[in-house]
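So you can see what is in the structure, the chains are spelled out below.
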Amino acid sequence: MSEEAGPMLVVYDDPSDQRSLSLDDTSSTEESPDETRLSLETTTDAIPYIGQRFVTHDAAYEFYSEFAKRCGFSIRRHRTEGKDGVGKGLTRRYFVCHRAGNTPIKTSNESKPQRNRKSSRCGCQAYLRISKTTELGAPEWRVTGFANHHNHELLEPNQVRFLPAYRTISDADKSRILMFAKTGISVQQMMRLMELEKCVEPGYLPFTEKDVRNLLQSFRKLDPEDESIDLLRMCRNIKDKDPNFKFEFTLDPSNRLENITWSYASSIQSYDVFGDAVVFDTTHRLTAFDMPLGIWVGINNYGMPCFFGCVLLREENLRSFSWALKAFLGFMNGKAPQTILTDQNMCLKDAIAMEMPTTKHALCIWLIVAKFPSWFNAVLGERYNEWKAEFYRLYNLESVEDFELGWRDMVNLFGLHTNRHVANLFALRSFWALPYLRTHFFAGMTTTGQSKSINAFIQRFLSAQTRLAHFVEQVAVAVDFKDQAGEQQTMQQNLQNLCLKTGAPMESHAATILTPYAFTKLQDQIVYATHYASFPMEDGFLVRHHTKLEGGRKVYWVPREGIISCSCHQFDFSGILCRHALRVLSTGNCFQIPERYLPVRWRRISTSSTKLFQTIPSDHAEKVQLLQSMVSTLVTESAKSKERLDTATEQVSILLSQIREQPVSIQGTRDIPIHRNL
C-alpha cells in the first residue's frame, strides 16, 4: 500500500475525541487476525482482518457496524485523515467503539439548565482503521488496523438492540406513528399496535417508546408564529367544509395569535341538550407550545362524557378567561349552563361571576383531593388517612349546620388551627362541599367514577398533540372517535335486558322511558324505598329507615299538581328521584312517576330530535320519524342472533361513514356569526 508523504489534515467527527482519545500510528500498527482476541464467538468470515477490501468507506462502516452488533457493542466515526481534509484528499478513517474516549467537558451556562446525564464513555480502545489505496487502478479501502479489546462488558443480543445506533424509525413507521397521533392514542398503545402489525414480540420493535416521543416532539419544535398562521388556516379550512364549525380568536398588538377557541357542530347540538352541567378543565397545557388549554365537557343521557369546546390561551388572567367564556356562550346561542365545575383559580372564579352571573360555580372535588398528599401528608403523618376519612364524611353531609360544626371539631381534633390549606378550604366551602351544592344540578359529575371518566376523556385530547396547526383537527378526530365509541356503548346499553327487581308499576314504567344508565340509578332508589316508612305530617311526610326511631327526611307532595320534593335534594342535585320521595309516591298509590321527574336529559330519546322537528319542514320530520322507526326495527331484528348483530354493526358503520362525509344543510337552523378581534 502506498501513501504519499506530506502534511496530514485530521478531522474529528466528535470534537471531544481530540482530547479524550488518541489512536496514533504506534497504537494502530497492523495486526494479524491471530493476534486479535475476539470478545465473543463469531464466524471467521464475519471478522474484520488486515487487508480486507471495501469499495467505499461507507461499506466498511456498515460491515464493522454489523460485526459490532453481533458482538454486543456499537460503533461511531472517530476521525478522518487526509492531505486536503475531507473529500477527495481523504486517505484514512477510524471507526471506534461507542464507549471509546472519555466524557467530553461541557462549558457551564448559568442561564441554561444542565442535564446531569452520566456518560457511557470509558476509554475503550477497540477500533477499525481503513486506508485508501489505488494500487490496482480503481480506488478502494483496505483495513490497516483492527483491535477488538474492550474494557467494559459487552451486551447480550437481546440488549444490544437498545443502543441508539441500532434504534431506527423508518419513513413508513414515521407516517404510521403520526397517523396514530392524530387519533389521540397514547404512545404505549401505538407501540402495541405496531407490534401486532409487524408480528413481533412485545419490546422487539427497532425503536423504543422514548424514540417515538422524541419523534413527536421534533414535529412540535416549529416556529410559533408559523404554527399560529397554519392553525388559523386550518380553522378556516374546516369552516369551509362545515359551516356549523365555530371558532373565534384574538390577535395581540404585534398581530400574533393570542387566544383561540372553537367548537364543532355536533358539540353545539350536544350542549343544547346536555349543557345544563359543565366541567371547564383548565389544568392542562400544550407543553410543546407552553399554552394553557381549556376544555368544556359534559355528561350525556347515557352517562358518557361529551365534548363542548376547546380554548387555547396565552395567559391565564381575568381578561383571557372572560374572553373565553364570552366566546363559548356565543357558540351556544347565549345559553349559560346551570352549573359549572372548575379548578381553584381566582381569575377564572371572577370571570365566571362576570360572564355567567346566573350559573352556580363549583370547584371539582377530585382536583382538590389530588393536592391533599402534598398539603397534609407531612403535617399529619400517620393520622393522614384518619383525617381524610373524616374529610369525606363532612363532605357528604346534607346539612350546612352539621358541616360547619363538624369542620370545627375536625380542626380541633387534628390541631389544624393554623394550617393555611385548611383555612382556605373552609373559606371556599360553598364552592366544593356538598351541603352547599345539593340544591343545584350537577348530573352526577361530582362522583369519583364520573371524574375518572371525564379525566380519561380529556387525556385523549392531550395525547393527540403533534403540531399546533393540526391540534384542532386532531381534537375533531378524537371527538369523532369518542362519538362512535359512544354510539356503540349506547347500542350495547339499549340491547341489555333490564331486570326489574321489585315488579312495581313505577319501576316498569321508568324502564321504558329512561336510558339504562339513568334507570339503574333510579332502580336503586326504588329498591331502597321499600326499606323506609312514611309518616303523614301537617305539611307533608316524614320518611325514615324502618330501623330508625328518630330523624328522617321531610317530603312535600301536591298530588293534584304532580309536585313532590324532599329535604335531601337528591332530585335537584342529580335529576334522579330519591328513595324518600318514591316511598311517599308508593304510599299514595301512585303507579307512575310524574313526567316532570323523568327529565328529558335522562330519557332514551334525546331532545335533539324533538327540537329538530320544530325547525325543519314537516315532510323532513316525517322522514326522520320513519328513519327512527326503521332503526328501532333494525336493533330488534339484529339482536336475535350474533350473526345478525355482526352484519348489522358492519353495514351501519359503513353507512354512517358515508353519511358523515355529506354536508350538513338543514333549513331553519341558524348559523352563529363569527366574531374575530383583528
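None of the values given here were measured: they were computed from a predicted structure. (Residues numbered from 1 in each chain as written. Predicted model: local features only at pLDDT ≥ 70, side-chain atom pairs only at ≥ 80, totals over all residues. Heavy atoms only, no water.)

Quick word on the pairing of strand 8 (residues 257-263)
Burial of strand 8 is extensive: 7 of the 7 residues sit out of reach of the surface. Sheet topology note: the strand 7 (residues 246-251)/strand 8 ladder contains 6 bridges and is antiparallel. Bridge assignment links Phe249 to a residue of strand 8, and that residue is Ile260. Two strands pair when backbone bridges link them, and strand 8 and strand 11 (residues 305-312) are joined in this way by 3 bridges, in the antiparallel orientation. Among the inter-strand pairings, Thr261 is bridged to a residue of strand 11, identified as Val311. (Buried < 20%, exposed > 50% of the residue type's maximum accessible area, 1.4 Å probe, protein only. Helix = DSSP H or I, 4+ residues; strand = E, 2+ residues; numbered from the N terminus. Pairing = 2+ DSSP bridges.)

Considerations on the packing of aromatic side chains
In this description, a pair of aromatic rings is defined by centroid distance and the angle of the planes. For the coordinates displayed, the defined rule picks out 35 aromatic pairs. Plain terms: the ring middles of Tyr64 and Phe67 are 6.1 Å apart, the flat faces sit at 15° to each other, and that makes the pair stacked. You can see Tyr64 and its partner Phe67 sitting in helix 2 (residues 57-71), 3 residues apart, about one turn around the helix. Each member of the pair, Tyr64 together with Phe67, is buried. Arranged with centres 5.2 Å apart and planes meeting at 20°, the rings of Phe391 and Trp432 form a pair that is stacked. One end of the pair, Phe391, is in helix 13 (residues 384-395); the other, Trp432, is in the loop between helix 15 (420-427) and helix 16 (434-437), with 41 residues separating them in the sequence. Across this residue pair, the class does not change: Phe391 and Trp432 are buried. The ring of Phe431 carries the charged tip of Lys360 above its face, separated from the ring centre by 5.6 Å. The ring of Trp602 carries Arg601 above its face, with NZ or CZ at 4.5 Å from the centroid. (Phe/Tyr/Trp six-rings, centres within 6.5 Å; stacked < 30°, edge-to-face > 60°. Lys NZ or Arg CZ within 6 Å of the ring centre and 35° of its normal.)

Side note on the pairing of strand 9 (residues 277-286)
The buried count for strand 9 comes to 8 of 10 residues, which makes it a mostly enclosed element. Pairing of strand 9 with strand 12 (residues 339-342) involves 3 bridges; the strand directions are parallel. Directly across from Ala277, in strand 12, lies its bridge partner Thr339. When strand 9 meets strand 10 (residues 291-299), the two strands line up antiparallel, connected through 6 bridges. Within strand 10, the residue paired with Phe280 across the bridge is Trp296.

Let's talk about the side chain of His361
On the secondary structure map, His361 appears in strand 13 (residues 360-363). Polar side-chain contacts of His361 include one of 2.7 Å to the side chain of Thr342. (Polar contact = N/O pair within 3.5 Å; in protein donor to acceptor, adjacent residues only side chain to side chain.)

Observations regarding the nonpolar core
If you look at the biggest cluster of nonpolar residues, it comprises 97 residues, and the most contacted ones within it are Phe372, Trp407, Trp432 and Leu522. A per-element tally of this core places helix 20 (residues 516-529) first, with 6 residues. In contact with Trp432, not counting residues within four places along its chain, are Leu363, Ile365, Ile368, Phe391, Tyr395, Phe403, Trp407, Leu425 and Leu437. Counting 24 residues, the second largest nonpolar core, distinct from the first, contains Phe308, Ala324, Met332 and Met356. (Core = buried A, V, L, I, M, F, W, Y, C linked by side-chain atoms within 4.5 Å. Contact = heavy atoms within 4.5 Å.)

Topic: the UniProt feature "domain: SWIM-type" (unreviewed entry) in the protein chain
Residues annotated by UniProt as "domain: SWIM-type" (unreviewed entry) correspond here to residues 556-589. Between the C-alpha atoms that bound residues 556-589 the distance is 16 Å, and the span itself is 41% helix and 21% strand. (UniProt positions renumbered as here; feature names shortened; annotations may be inferred.)

Looking at helix 20
Compared with the 20 Å implied by 1.5 Å per residue over 14 residues, the 20 Å span of helix 20 between its first and last C-alpha is a close match. Within the sequence span of helix 20, burial applies to Pro516, Tyr517, Ala518, Phe519, Leu522, Gln523, Gln525, Ile526 and Ala529. (Expected span 1.5 Å × (residues − 1).)

Overview of the sheet that holds strand 15 (residues 540-545)
Pairing is antiparallel in the open sheet, where 4 strands are placed in the order 14-15-16-17. The open sheet has two edge strands with one neighbour each: strand 14 (532-537) and strand 17 (563-566). This sheet shows a mean twist of 25° between the axes of neighbouring strands, independent of strand direction. Pairing of strand 15 with strand 16 (residues 553-558), which is carried by 3 bridges, proceeds in the antiparallel orientation. Pairing of Phe541 across the sheet is with Val555, part of strand 16. (Axes fitted to C-alpha atoms, helices over the stretch in contact; angles between N-to-C directions.)

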